[in-house]
Amino acid sequence: MPLVKIRDLHFYRGNRAIFDGVNIDIHRGKITAIMGPSGTGKTTLLRLIGGQLHPDKGTIEVDGQNVHTLSHSELYELRKRMGMLFQSGALLTDINVFDNVAFPIREHTKLPETMVRDLVLMKLQSVGLRCARNLMASELSGGMARRVALARAVTLDPMMIMYDEPFTGQDPISMGTLVNLIHRMNDAMGLTSVIVSHDVAETAEIADYIYLLSGGKVIEKGSPVQLKRSSSQWVQQFMQGLPDGPVPFHYPGTDFSDDLLNGEVSA
Amino acid sequence: MRQSKSTEITVGMFVAAGLVALFVLAMKVSNFTDFTDETGYQVVAEFENIGGLKVRSPVTMAGVRVGRVAAIDLSPTTYNAHVTLNLYGSFDTIPTDTAASIYTAGLLGEQYIGLEAGAEEEFLKDGDVIELTQPALVLEQVIGQFLFSKAEGE
Amino acid sequence: MIDTIRSLGRWGLGVFERLGRGHLLLLEILRGVPELFLRFSLVIQQLSSVGVHSVLIILISGLFVGMVLGLQGYNTLVDFGAEESLGVLVALSLVRELGPVVSALLFAGRAGSALTAEIGLMKSTEQLSGMEMMAVDPVRRVLAPRFLAGFISMPLLAAIFSAVGIFGGFLVGHGLLGVDDGAFWSQMQAKTDWYEDVLNGVIKSIVFGFVVTWIALFEGYDATPTSEGVGRATTRTVVHSAFAILGLDFVLTALMFGDV
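Residues numbered from 1 in each chain as written. Chains lettered and ligands numbered in written order. Predicted model: local features only at pLDDT ≥ 70, side-chain atom pairs only at ≥ 80, totals over all residues. Heavy atoms only, no water.

**Details of the interface of chain C and chain A**
Logical step 1: At the interface, 16 residues of chain C touch 22 residues of chain A.
Logical step 2: Taking both sides of the interface into account, the surface hidden between chain C and chain A amounts to around 1700 Å²; carbon and sulfur atoms contribute 55%.
Logical step 3: Applying the counting rule to chain C against chain A returns four salt bridges.
Logical step 4: Between Glu107(A) and Arg141(C) there is a salt bridge, with the nearest N and O atoms lying 2.5 Å from each other.
Logical step 5: Here chain C is connected to chain A by 13 residue pairs in polar contact (both at pLDDT 80 or more). (Contact = heavy atoms within 4.5 Å. Buried area = accessible area lost by both parts, 1.4 Å probe. Salt bridge = Lys/Arg side-chain N within 4 Å of Asp/Glu carboxyl O. Polar contact = N/O pair within 3.5 Å; in protein donor to acceptor, adjacent residues only side chain to side chain.)

Structure (C-alpha cells):
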C-alpha cells in the first residue's frame, strides 16, 4: 500500500484550476519526484499533502489517514511524522543553527538538555554542519540553510520528507552535496521522499519514480529511464529542455508579418 | 527556549517599575489611602436642599476630614434629601447634637458637609440621625433674597 | 454608476471578511493563552521585546507631556487665581486620558508596528509554514505569547507614563513657576479618586493593550507575504490602532465618566 495516496484531486485558485483530477501514489522507501513547468502548482501539492491547504474535491491519504478529515490535534500528530524542506529553508531567524535544529525536539519532547545536545550534534554531523552550530540563520548561504533545514526536518525521525525545489539557485557544489544528502538520508533512515523540482538532470539522477504535471493533470509517469524513452513530444521537450516544441516559444497571438504590416500604432 | 539572564533581569525591572508607578498613582496621587480607613459607622442626615453635593464628597469637622458621603436618596414622605454619611471609626466621639451643614469650598469649589460639634455627653453611633441640619446655599436663592430685601428696604 | 456601487459592495464585503478572520484569529490566540502559564519563559521573552523596549519612549514622552501640561495649565489657572489646583489638573488629565491614550498610541507605533513587521516577515520567509509542518502551531507558539505580553505591558507602560508625567508637571509647576508643593500634592490627592480616576484609567489601558496587540498580530499574520505587503500591513497597524484607541476611548469615557 502506498504511503501517500492522492485520488481525483481538484484544487482551484480563483477560477483557475491548479489541479484537475490528479491521481498520485507515493510508495514507501522510494524517492518520488513531481516535476513540471513553473506555475503548475507543485508547491501547492506539497501543502495539500501537509494539510495546510484544502482540496476542492478528491482525497489525500497519508499512511491510511485522510489528511483533510483529521481534527486539529490529529493533523498535528500526523505532521510530527512528516518533514518538509522549504525552498528558503524557513529557518527561524532569531535563533542560531543549534537552536533551530533543537527546536522540534524541545517543542515535542521533554528530553534533558544534554540529550538534546547529543541529538542535535548527530543530526548536524550528518549534514556536515556540526561546527557551524553557533552561526545565525542569516549568516548561512542558501545551500547551508537548506542543509540545516534538512537536519531539522529529520530530528524527530519522520516517515517521510517533502522537498520543495531543493536544487533551485544552487551552485554546482552545493547542488551535488544536496543530491547526495537526499539520496543518503533516504536510504540510511528508510525514509520516503517526495521531491518537487524542475531541475531535470539532478532529479532524474536520484528519483525512483517521476510524475510529470502540466495544466493540472498528470501528463506522464514512470521511472527516469521510461520517461526519457517516452514517445510524447511534450515529455521529450521538457526532459531535454528544448526551446521550441509543443510548448511554443512565442506567446500566442497574431502572425508576426501581419502585425508589422497592419498593426495599429498606439499612442 | 533558554534565555539569557539579562532578559529576565530587564523584564523584572520593567514589571517592577510599572507596579511602582501604579503604587505611586494609588498612594501619592489619589485618595487610595482613604480606603484603608473604610471601617467606620454610618449616620443619616436630612437636608432641605443639598445643592451640588455628591456621593463620596468629603465630610469634615473643623476642617479635618472625618468621613465621606456614602449615599444620597430622596425621602418619599418629606421630600427632603436623605444623606448617608460614612464616618471613620477613629472619630467615634462625635456628640449626638452635632449640626451638619453643606458648604462650598471656595467660590467655585465642590460642596462638602461640615460638622459642628454639640455639647451632649453621648456620642453618635451606627444608624443614628443628625437632627440639626442646614441646607446648601443656592446662589440664585441668595441673590433673589438679597434683591428682595433691598427692594423692601427702599 | 453600477460599477461604483459594486466596488463599494466589494470593499464592504472585504472589510467584513477581514473582521471575521480577525475574530477567528483572536479566538484561536485566546485558546492558546492558558497553556502559556506552563511555559511562561516564552512570555518573558516577549515582554522584553514588547514592553522593555517601549519604556524609553514612554518615559521621555511622559515627562514632556507632563511638563507641557504644567505650563499650559498654570497659564490658564493663574487667571482664576487657582494655580494651587495645578496638581489636580495635571493628575486628572494624565490618569484619566493622556496616560492611557498617548501611551497606547506610542505603544502602537513602537511595539505594534514591530510586532506586525516581525510576524509578517516570519510569514513571508515561510517560518510560520515551517513551524506548522514541524507540528508546532504558530498561533500558539508565536502569536499567543506576544499577545499576552502586549496585554500585560500596556497598563504598566501607561502607569509609568502617568507617574512620570505627574512628576514632570510637578517639576515645572513647583520648580519653574513656584506653585506651593504642599498644595500641589494635597489638592491632587483630595480630588483624584482611586477608583473613579486611577482604576478607570488602568482599565482603559488594559483595553487598549488588548486591542492594539490584537490588531498588530492580525495584520502581521494576515499580511501579503511580500516585503511590500508587510510594509503596508505595518502602516495599517498604526493607522487602525490609532482609530481603535481614539474611538474606544470615547466609548469607555462615556461609560465611565458619563453621568452615573
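Back to the text.
**Some points on the sheet that holds strand 3 (residues 31-35) of chain A**
Residue and element names in this part refer to chain A.
Logical step 1: In spatial order, the strands read 6-7-8-3-9-10; together these six strands make up an open sheet with mixed pairing. Either end of the sheet is taken by a strand with one partner, and the two such strands are strand 6 (82-85) and strand 10 (217-222). Adjacent strand axes in the sheet meet at a mean angle of 15°, parallel and antiparallel pairs treated alike.
Logical step 2: With five bridges connecting them, strand 3 and strand 8 (residues 192-197) associate as parallel partners. The residue of strand 8 that forms the bridge with Thr32 is Val194.
Logical step 3: Where helix 1 (residues 42-49) meets the sheet, its contacts fall on strand 3, strand 6, strand 7 (160-164) and strand 8, and the angle it forms with strand 7 comes to roughly 155°.
Logical step 4: Strands strand 3, strand 9 (209-214) and strand 10 of the sheet are contacted by helix 9 (residues 233-240), whose axis makes an angle of about 110° with strand 9. (Pairing = 2+ DSSP bridges. Helix = DSSP H or I, 4+ residues; strand = E, 2+ residues; numbered from the N terminus. Axes fitted to C-alpha atoms, helices over the stretch in contact; angles between N-to-C directions.)

**With respect to the sheet that holds strand 2 (residues 16-26) of chain A**
All names here are of chain A.
Logical step 1: Read from one edge to the other, the open sheet built from four strands follows the order 2-1-4-5, with strand pairing classed as antiparallel. The sheet is open, and its two edges are formed by strand 2 and strand 5 (65-66), each paired on a single side.
Logical step 2: When strand 4 (residues 57-62) meets strand 5, the two strands line up antiparallel, connected through two bridges. Bridged to Glu61 within strand 5 is Asn66.
Logical step 3: With respect to the sheet, helix 1 is in contact with strand 1 (4-13), strand 2 and strand 4, its orientation differing from that of strand 1 by roughly 120°.

**Focus: the packing of helix 2 (residues 40-77) of chain C against helix 5 (residues 138-176) of chain C**
All names here are of chain C.
Logical step 1: Between helix 2 and helix 5, whose axes approach to 6 Å, the crossing angle comes to 25°. Our classification of the angle between helix 2 and helix 5 gives roughly parallel. The handedness of the crossing between helix 2 and helix 5 comes out as right-handed.
Logical step 2: Among the residues forming the contact of helix 2 with helix 5, the class breakdown is 23 nonpolar, twelve polar and two charged. (Parallel < 35°, antiparallel > 145°, perpendicular 65-115°, else oblique. Left-handed = near helix turned anticlockwise from the far one by under 90°. Nonpolar A, V, L, I, M, F, W, Y, C, P; charged D, E, K, R; others polar.)

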